[in-house]
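# Structure assessment
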Amino acid sequence: MKTTLDSQPRLDGVTHRTVNAGGLNVHVAEAGQGPPLVLLHGFPEHWWQWHRIIGPLAENHRVICPDGRGAGWTDAPGTGYGRDQLAADFLGLLDALGLEKVGVLSHDWGSLVTYQVCLRNPDRVSAHLSLSIPPPYFDFDIRMVLTILRHVRHNVVAVPVIGAALLRPALVRRVLADFSAAGSFTEQDLDLFAGRYADPARSRAGSALYRQFINPEGVRIMRGAYRNTRLATRTRVLIGNDDPGMQAGFVHGYEQFCDDLEVDYLSGANHFVAADRPDAVIAAAREVFA
């Protein structure tokens with residue numbers, strides 16, 4: 001399914017184009033000049049997730065904000081939502097843009113994809129700032145599992161047919177509101193994110209993303225599937241103190257598998273850290289990617 005850039009939100013200093021990356025038409029928002037810095041959004045957002053972040057970072061970087069497969073204004077094909085293809089999408093975009101190595105600021109499933117690339121192709125990522133998601137080595141913790149299971153919406157989204165039927169604008173607005181600090185998202189923000197899910201192809205894509213990647217990846221991590229690997233990429237993680245699934249006592253056991261790792265917990269932030277604490281994200285990015 002091909003998309004157009006009509007109804008695209010506008011932001012000063014940001015340009016838009018569509019890039020063919022391995023056969024996928026990827027929408028990319030760009031700003032600034034300098035060392036390349038790729039910003040990978042999470043679910044259920046798109047490039048607009050970074051609208052408070054882009055300007056400050058574009059002062060010193062070429063900021064590149066793609067919409068992932070099935071999200072925003074990128075194609076939403078019926079297949080390709082497993083970890084191998086999503087990692088290939090990332091590398092294909094770098095190749096299409098002629099970029100050998102980049103810094104990456106990521107969130108949510110964008111972070112999970114970035115960890116895949118860092119482990120498989122460490123020469124392509126110079127440094128990684130992850131929001132809400134620590135490296136894929138954390139221990140199984142029943143408290144984390146029970147917390148995740150309490151959020152029934154996330155589990156239902158992955159169910160074939162039913163999940164896509166439920167993943168509509170009203171549910172997207174509810175997810176964004178439930179996992180952010182009060183007032184972090186404006187009505188315009190909510191409309192921009194939720195409105196894309198009026199398209200049934202994007203609802204199906206979101207459901208497939210959970211079913212084929214997000215949920216299986218969580219199981220792989222807690223089963224210790226990555227403990228025969230080592231993360232060499234310089235990595236910093238910002239986690240919201242109020243993120244129910246990633247509370248400080250729930251997440252542990254990853255430090256010994258990483259060469260250069262720092263994890264910070266942020267007050268006043270839930271899961272959507274870039275919306276809740278853009279100031280902290282900007283400060284951390286300036287440090288990590290200096």
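Residues numbered from 1 in each chain as written. Predicted model: local features only at pLDDT ≥ 70, side-chain atom pairs only at ≥ 80, totals over all residues. Heavy atoms only, no water.

### A few points about the side chain of Arg236
Which entries qualify depends on this criterion: Only DSSP runs of H or I reaching four residues or more are called helices, and only runs of E reaching two or more are called strands; each is numbered from the N terminus. Partly exposed residues are those whose accessible area sits between 20% and 50% of the maximum for their type, while under 20% is buried and over 50% is exposed, using a 1.4 Å probe and protein chains only. The criterion used for residue contact is that any of the two residues' heavy atoms lie within 4.5 Å.
Looking at the secondary structure, you find Arg236 in strand 7 (residues 234–240). By relative accessible area, which is 13% here, Arg236 ends up buried. Every residue in contact with Arg236, bar those within four places of it in the chain, is listed here: His128, Leu129, Ser130, Glu262, Asp264, Ala284, Glu287 and Val288.

### Notes on a nonpolar patch on the surface
For clarity, the cut-off: Patch membership is restricted to residues that have no salt bridge and whose relative accessible area is over 30%. Joining uses 9 Å for like charges and 5 Å for the nonpolar side chains Val, Leu, Ile, Met, Phe, Trp and Tyr. Areas reported as accessible are Shrake-Rupley estimates using a 1.4 Å probe. Residue values count occlusion only from the protein chains shown. Any Lys or Arg side-chain nitrogen found within 4 Å of a carboxyl oxygen on Asp or Glu counts as a salt bridge.
Together, Val159, Val161, Ile162 and Leu166 make up an exposed nonpolar region whose accessible area comes to about 360 Å². You can see Leu166 is positioned in helix 6 (residues 162–166).

### A few points about the nonpolar core
Cut-off, in case you're wondering: Only buried residues count toward a nonpolar core. Its members are Ala, Val, Leu, Ile, Met, Phe, Trp, Tyr and Cys residues joined through side-chain atoms within 4.5 Å.
With 91 residues, the main nonpolar core has Trp50, Phe90 and Leu105 as its most contacted residues. The element that contributes the greatest number of residues to this core is helix 2 (residues 83–97), accounting for 7 residues. Ignoring any residue separated from it by four or fewer positions in sequence, one finds Trp50 in contact with Leu39, Leu40, His41, Cys65, Leu105, Ser106, His107, Leu131 and Ala274. With 5 residues, the next largest nonpolar core counts Tyr81, Ala201, Ala205 and Ala208 among its residues.

### Here we look at the state of the cysteines
Keep this limit in mind: When the sulfur atoms of two cysteines come within 2.5 Å, that pair is taken as a disulfide.
With the rule as written, the count across this model stands at 0 disulfides. No disulfide involves Cys65; its nearest neighbouring cysteine sulfur is the one of Cys118, lying 18 Å away. The exposure class assigned to Cys65 is buried, which follows from its relative accessible area of 1%. The structure places no disulfide on Cys258, whose sulfur is separated from the nearest cysteine sulfur, that of Cys118, by 10 Å. A relative accessible area of 8% places Cys258 in the buried class.

### With respect to helix 7 (residues 169–178)
Note the cut-off: Think of it as the arc spanned by the lines of direction from the helix axis to the C-beta atoms.
Every buried residue belonging to helix 7 is among Leu171, Val172, Val175 and Leu176, and all of these are buried. Along the long axis of helix 7, the arc covered by the buried residues comes to 135°, so they all point the same way.

### Digging into unusual backbone geometry
The residue after Phe43, namely Pro44, is reached through a cis peptide bond having omega 0°. You can see Pro44 is positioned in the loop between strand 3 (36–40) and helix 1 (54–58). Even without being a glycine, Ser132 presents a positive backbone phi close to 80°. At Val161, a residue that is not glycine, the phi angle is positive and equals roughly 65°. By secondary structure assignment, the location of Val161 is in the loop between helix 5 (152–157) and helix 6.

### What about the packing of helix 3 (residues 109–120) against helix 9 (residues 200–222)?
Helix-helix packing: each pair is described by the crossing angle between the helix axes and the interaxial distance. Our working rule: Geometry is summarised by axes, namely lines fitted to C-alpha atoms with helices restricted to the contacting stretch, and by angles between N-to-C directions that run from 0 to 180 degrees. Take the far helix as the reference: if the near one is turned anticlockwise from it by less than a right angle, the crossing is left-handed, and if turned clockwise, right-handed. All residues other than Ala, Val, Leu, Ile, Met, Phe, Trp, Tyr, Cys, Pro, Asp, Glu, Lys and Arg, Gly among them, are scored as polar; the first ten of these are nonpolar and the last four charged.
Where helix 3 contacts helix 9, the axes come no closer than 11 Å and their chain directions differ by 65°. Between helix 3 and helix 9 lies a crossing whose hand is left-handed. Contacts between helix 3 and helix 9 involve Trp109, Leu112, Val113 and Gln116 from the former and Leu209, Phe213, Ile214, Glu217 and Ile221 from the latter. Its residues assigned to classes, the contact of helix 3 with helix 9 comprises 7 nonpolar, 1 polar and 1 charged.

### Remarks on the packing of helix 7 against helix 8 (residues 187–195)
Cut-off, in case you're wondering: Relative orientations are named as follows: roughly parallel for angles under 35 degrees, roughly antiparallel for angles over 145 degrees, roughly perpendicular for angles from 65 to 115 degrees, and oblique for any other angle.
Where helix 7 contacts helix 8, the two axes come as close as 9 Å, and the packing angle between them is 130°. Considered as vectors, helix 7 and helix 8 are oriented oblique to each other. Along this stretch, helix 7 crosses helix 8, giving a crossing that reads as right-handed. Along its contact with helix 7, which presents Pro169, Val172, Arg173 and Leu176, the element helix 8 presents Glu187, Leu190, Asp191, Phe193 and Ala194. Here the contact of helix 7 with helix 8 is composed, by residue class, of 6 nonpolar, no polar and 3 charged.

On their own, these measurements won't tell you what the molecule is for.
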